[in-house]
Amino acid sequence: MSMDRHPEYQYLDLCKDILDNGADKTLFFNDVVLKEYKKKGQEPPFIRSVFGRQMRFDLGKDFPLLTTKKTFWRGIVTELLWFLSGSSNIKPLLGENNHIWDEWAWKHYQMWSDKKEFATQAEFIKKLTELPADDPFVLKYGDLITIYGRMWRRWPAKDGREIDQLAWVIEGLKSKPDRKSYVVSAWNPDFIYEMASEGQKSHVPPFCHTMFQFQVANGKLNLGLYQRSADLFLGVPFNIASYSLLLLMVSHVTKIPPGEFVHTFGDVHIYSNHFDQVKEQMTREPFPFPTVRLNPAVTDIDDFTQSDITLEDYQSHPSLKADIATIGGFSDGKMAGKPGV
């Protein structure tokens, strides 16, 4: 990549790579999701994908919030703060009017509830929003069971402990920054498909963001993410910004200047019902990246709030809307035999 070329072209080039060279693949949809498509009179989408790609962004220069379409910044911030809290229940997100994970809770309710008192997702989410956080209905149906925050901050150990992987990494970076073992893993086979234990089976797909690693070189803090499965149009712009913000936050509390965010993909794909939007986005010329500033008074990763995180000088093209495909999970009440995403 030329030093003068806008770093967002890494993303746009990957869009072109997939459209031109990707393999078309069918997807697994469980019965609940197939019924939803049938109600709408729609055929389920397929994906076009490539394997093994990478992008790099220098956080010492600016912040890689994509500009060729408007990106949901408030959603990025509130979701990351939710992950950092260690919660697996969407109730705190609903309190922030963030509905990113609503469909997965709705899928759980449809699969597990005997009453079926709600005809629509909107009615179900309205009840979750109105009830107190300690209500049994919220505790049961708002809980996604397996979600990033739980694995990052409350990994369930076989001896009953909950391991805070991120806290261990942060303390290590402060005292022994040159170690190579600062990895946070979200991939826990005990929660995934046929491998999952009773009580830990979930309709949420196994973690797309499999693991991430912090590394210090030349006095700067780098963060590498391995993403096994990536929805390039809807998910990846969010993912780039979320992990870049995480890098800035950990840099801030460890007092190690930020370096690169390195985003490595396994299967990276575009859904067939996103092709037109991607082609439109590819015609747009990027604006300069914005800047993110953090409250200098914050010294602990757990103390950040929305008001401590400020986005400056963000200019973008208009948003591009597209439907998300909720796929994977259980089939006929059992764990599906192949991944959905």
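Computed from a prediction, not measured in an experiment: that's the story for all the values here.

Enquirer: Just to check I follow, could you spell out the sheet that holds strand β8 (residues 258–271) for this structure?
Expert: Sheet strands pair via backbone hydrogen bonds, and the direction of the pair is either parallel or antiparallel. Strand order across the open sheet formed by six strands is β1-β2-β8-β7-β6-β5, with mixed pairing between neighbours. Whereas interior strands pair on both sides, the edge strands pair on one side only; in this sheet they are β1 (23–25) and β5 (183–185). Within this sheet the neighbouring strands show an average axis-to-axis angle of 20°, counted without direction. Bridge count for strand β7 (residues 220–231) against β8 is nine bridges, and the pairing is parallel. Its bridge partner lying in β8, Ser229 is registered against Asp267. The strands that helix α1 (residues 9–21) touches are β1, β2 (47–58) and β8; relative to β2, the one it contacts most, it runs at about 165°.

Enquirer: For this particular structure, what's the right way to read unusual backbone geometry?
Expert: In terms of backbone geometry, most residues other than glycine have negative phi values and most peptide bonds are trans. One non-glycine residue, Ile145, lies in positive phi territory at about 70°. Along the chain, Ile145 turns up in the loop between α7 (136–141) and α8 (148–153). On the accessibility criterion, Ile145 (13% relative accessible area) is buried. Even without being glycine, Lys255 reaches a positive phi, approximately 65°.

Enquirer: Quick question: what am I supposed to make of helix α10 (residues 236–254) here?
Expert: At 3.6 residues per turn, the α-helix brings residues three or four places apart onto the same side. Its 19 residues give α10 an end-to-end C-alpha distance of 27 Å, which sits within 8% of 27 Å, the value for a rise of 1.5 Å per residue. Two residues or fewer after α10 comes Lys255, characterised by a positive phi angle close to 65°.

Enquirer: I'm lost on α1 in this one. Help?
Expert: Taking 1.5 Å as the rise per residue, α1 with 13 residues should run 18 Å; its terminal C-alpha atoms sit 17 Å apart, in good agreement. Within α1, burial applies to Gln10, Tyr11, Leu12, Leu14, Cys15, Asp17, Ile18 and Leu19. Buried residues in α1 make contact with β2, α10, β8 and α11 (275–282).

Enquirer: Teacher, can you tell me more about the environment of Phe287 here?
Expert: If you trace the backbone, Phe287 turns up in the loop between α11 and β9 (291–294). Relative accessible area serves as the criterion here: at 22%, Phe287 is assigned to the partly exposed category. Counting along the chain gives 11 residues from Phe287 to Val298, while the straight-line C-alpha distance between them is 30 Å. With residues up to four places along the chain from it excluded, the contact list for Phe287 reads His6, Thr67, Gln315, Ser316 and His317.

Enquirer: Is there a simple way to explain the packing of helix α3 (residues 73–85) against α10 in this structure?
Expert: If you want to describe how two helices pack, look at the angle between their axes and the distance between the axes. Here α3 crosses α10 at 55°, and the two axes come no closer than 10 Å. Compared by their axis directions, α3 and α10 come out oblique. Between α3 and α10 lies a crossing of right-handed hand. Contacts between α3 and α10 involve Trp73, Gly75, Ile76, Val77, Glu79, Leu80, Leu81 and Leu84 from the first element and Phe238, Ala241, Ser242, Leu245, Leu246 and Met249 from the second.

Enquirer: Help me understand the pattern of salt bridges, please; the structure alone is not making it clear to me.
Expert: Once the charged atoms of two side chains with opposite charge are near each other, the side chains can pair. Scanning the model with the defined rule gives 15 salt bridges in all. The partner of Arg153 in a salt bridge is Asp302, with the nearest N and O atoms 2.9 Å apart. A residue pair is termed long-range when its members are at least 10 positions apart, and Arg153 in helix α8 and Asp302 in the loop between β9 and β10 (309–312) qualify at 149 residues. Relative accessible area serves as the criterion here: at 9%, Arg153 is assigned to the buried category. It is possible to trace a salt-bridge network through shared partners that takes in Arg153, Asp164 and Asp302.

Enquirer: Got a minute to help me understand the packing of helix α5 (residues 102–112) against helix α6 (residues 121–130) in this structure?
Expert: Two elements in contact, α5 and α6, have axes separated by 10 Å at closest approach and are oriented at 100°. Classed by the angle they form, the pair α5 and α6 counts as roughly perpendicular. In contact with Asp102, Glu103, Ala105, Trp106 and Tyr109 of α5, α6 contributes Gln121, Phe124 and Ile125. For the contact of α5 with α6, the class distribution of residues is five nonpolar, one polar and two charged.

Enquirer: When you look at the side chain of Thr254 in this model, what are you seeing that I'm missing?
Expert: Looking at the element boundaries, Thr254 is found in helix α10. Within the structure, Thr254 has its side chain in polar contact with the backbone oxygen of Val250 (distance 2.7 Å). From its side chain, Thr254 meets the backbone oxygen of Ser251 in a polar contact 3.4 Å long. Non-local contacts of Thr254, meaning those with residues more than four positions away in its chain, are made with Ile170, Leu173, Lys174 and Leu221.

About the criteria used
- Residues numbered from 1 in each chain as written.
- Predicted model: local features only at pLDDT ≥ 70, side-chain atom pairs only at ≥ 80, totals over all residues.
- Heavy atoms only, no water.
- Pairing = 2+ DSSP bridges.
- Helix = DSSP H or I, 4+ residues; strand = E, 2+ residues; numbered from the N terminus.
- Axes fitted to C-alpha atoms, helices over the stretch in contact; angles between N-to-C directions.
- Contact = heavy atoms within 4.5 Å.
- Buried < 20%, exposed > 50% of the residue type's maximum accessible area, 1.4 Å probe, protein only.
- Expected span 1.5 Å × (residues − 1).
- Parallel < 35°, antiparallel > 145°, perpendicular 65-115°, else oblique.
- Left-handed = near helix turned anticlockwise from the far one by under 90°.
- Salt bridge = Lys/Arg side-chain N within 4 Å of Asp/Glu carboxyl O.
- Nonpolar A, V, L, I, M, F, W, Y, C, P; charged D, E, K, R; others polar.
- Polar contact = N/O pair within 3.5 Å; in protein donor to acceptor, adjacent residues only side chain to side chain.

The values are spatial; any link to function lies outside them.
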